[in-house]
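# Survey of secondary and tertiary structure
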Amino acid sequence: AEDFDAAQVAATLYADGAAKWGTDEASFIDILTGHTVTELKQICDAYDSAYNCSLEAAIKSEFSGVLETGLVGLLYEPEDFYCKLLKQATDGLGATEATVSRILGCHDKASVHRIAQRYFERYDV
């Protein structure tokens, strides 16, 4: 958008979250779902520069559960987020089979191939 100002959006997120007691959940949801991944990367950079804290860390401190996971997921390209979830699900002893099954089972072969390719690139496997 022509009027897009990443620093202003970052300031709004800060004001509606970390800067006050309580969180304006609707503001976070509206902002994070209303911007492209490219714009969100710019917002993340602006947030980190202005507040010396990543937007992802801010979301994790303000939210929990599936809402936290969903909002954090919006900050990533889909394949990158799926890779992150797969890595978390397979680290340590055993695997969180439900997560692995959900990610791999909900995608067609071409998507699974792209996710696998990105996973190998990201984690040098």
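Here is a short report on the structure shown in this document. Owing to the predicted nature of the structure, the values given are computational and were not obtained by experimental measurement.

The rules behind these values
- Residues numbered from 1 in each chain as written.
- Predicted model: local features only at pLDDT ≥ 70, side-chain atom pairs only at ≥ 80, totals over all residues.
- Heavy atoms only, no water.
- Helix = DSSP H or I, 4+ residues; strand = E, 2+ residues; numbered from the N terminus.
- Contact = heavy atoms within 4.5 Å.
- Lys, Arg positive; Asp, Glu negative; His and termini not counted.
- Charge placed at Lys NZ, Arg CZ, Asp CG, Glu CD.
- Buried < 20%, exposed > 50% of the residue type's maximum accessible area, 1.4 Å probe, protein only.
- Core = buried A, V, L, I, M, F, W, Y, C linked by side-chain atoms within 4.5 Å.
- Phe/Tyr/Trp six-rings, centres within 6.5 Å; stacked < 30°, edge-to-face > 60°.

### Some thoughts on the overall build of the protein chain
- Scanning the protein chain for helices and strands turns up eight helices and zero strands.
- Counted from the first residue to the last, the protein chain has its helices and strands arranged as α-α-α-α-α-α-α-α.
- For the protein chain, the share of sequence-separated contacts (at least 6 apart) that also reach a separation of at least 24 residues comes to 55%.
- Charged side chains of the protein chain number 10 positive and 21 negative; the gap between the two group centres comes to 9 Å.

### Description of unusual backbone geometry
- Although it is not a glycine, Asn-52 adopts a positive phi angle of roughly 50°.
- Assignment of secondary structure puts Asn-52 in the loop between α3 (37-51) and α4 (55-62).
- On the basis of relative accessibility, which here comes to 72%, the residue Asn-52 falls in the exposed class.

### Some thoughts on the nonpolar core
- Grouped together as the largest cluster of nonpolar side chains are 29 residues, with contacts concentrated most on Leu-13, Phe-28, Leu-32, Ile-43, Leu-55, Ile-59 and Leu-75.
- Listing elements by their share of this core, those giving two or more residues are α1 (6-15), α2 (25-33), α3, α4, α5 (65-73), α6 (78-90), α7 (97-105) and α8 (109-123).
- Leu-13 has contacts with Phe-28, Ile-31, Ile-43, Tyr-47 and Leu-55, leaving out every residue within four places of it along the chain.

### As for the packing of aromatic side chains
- Going through the model one piece at a time under the given rule, you end up with seven aromatic pairs.
- Each ring, one from Tyr-47 and one from Tyr-51, has its centre 5.0 Å from the other, and the planes form 55°; the classification is tilted. Here Tyr-51 and Tyr-47 lie together in helix α3, a separation of four residues that amounts to about one turn.
- You can call Tyr-47 buried: its relative accessible area is 1%.

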